[in-house]
Amino acid sequence: MIKNNVFSGLFVGLVFPFACYLAIQGLFLALEAAGISNGPLSYKESISERTIYLICICGNILGVQFFQRRDQKETIRGIAMMTVLFAMIWAFTYLRELL
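Notes on the structure in this doc start here.

Definitions and cut-offs
- Residues numbered from 1 in each chain as written.
- Predicted model: local features only at pLDDT ≥ 70, side-chain atom pairs only at ≥ 80, totals over all residues.
- Heavy atoms only, no water.
- Salt bridge = Lys/Arg side-chain N within 4 Å of Asp/Glu carboxyl O.
- Helix = DSSP H or I, 4+ residues; strand = E, 2+ residues; numbered from the N terminus.
- Buried < 20%, exposed > 50% of the residue type's maximum accessible area, 1.4 Å probe, protein only.
- Phe/Tyr/Trp six-rings, centres within 6.5 Å; stacked < 30°, edge-to-face > 60°.

## What to know about the pattern of salt bridges
Next, step 1: This structure, assessed with the given rule, holds 3 salt bridges.
Next, step 2: Here R50 makes a salt bridge to E97, at a shortest N to O gap of 3.0 Å. Taken together, the residues R50 in helix α3 (residues 49-58) and E97 in helix α5 (residues 73-98) connect sequence positions 47 residues apart.
Next, step 3: Exposure remark for R50: the relative accessible area of 27% places this residue in the partly exposed category.
Next, step 4: Here K73 and D71 are joined by a salt bridge, their closest N and O atoms 3.2 Å apart.

## Regarding the packing of aromatic side chains
Next, step 1: Under the counting rule described, the total for this entry stands at 5 aromatic pairs.
Next, step 2: Consider the rings of F18 and F86, whose centres lie 6.2 Å apart with planes at 90°: the pair is edge-to-face. Placement of F18 in helix α1 (residues 6-33) and of F86 in helix α5 is noted, with a sequence separation of 68 residues between them.
Next, step 3: For F86, a relative accessible area of 16% gives the class buried.
Next, step 4: Geometrically, the ring pair formed by W90 and Y94 is tilted, given 5.8 Å between the ring centres and 50° between the ring planes.

Structure below.
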């Protein structure tokens, strides 16, 4: 079990968005291999990379819920710090595209 400290939360907050990204990319590859996502409605035209990154960042909410049920407040604090860091990086990277 993961210990209740900030460093564990930082680790979970770092790993979970990358796992979400791999899962989403795997899903899209499976859809393309099945022929479902080919043609004019391909995901590459409908969903931008910044949207996928934002979904992955927001995926940390699942980690927060998991540790909230176990009352591990320090771990939640670490996840929140990593989420804010990723959100700031995302905002600085895509700010010009959004304005």
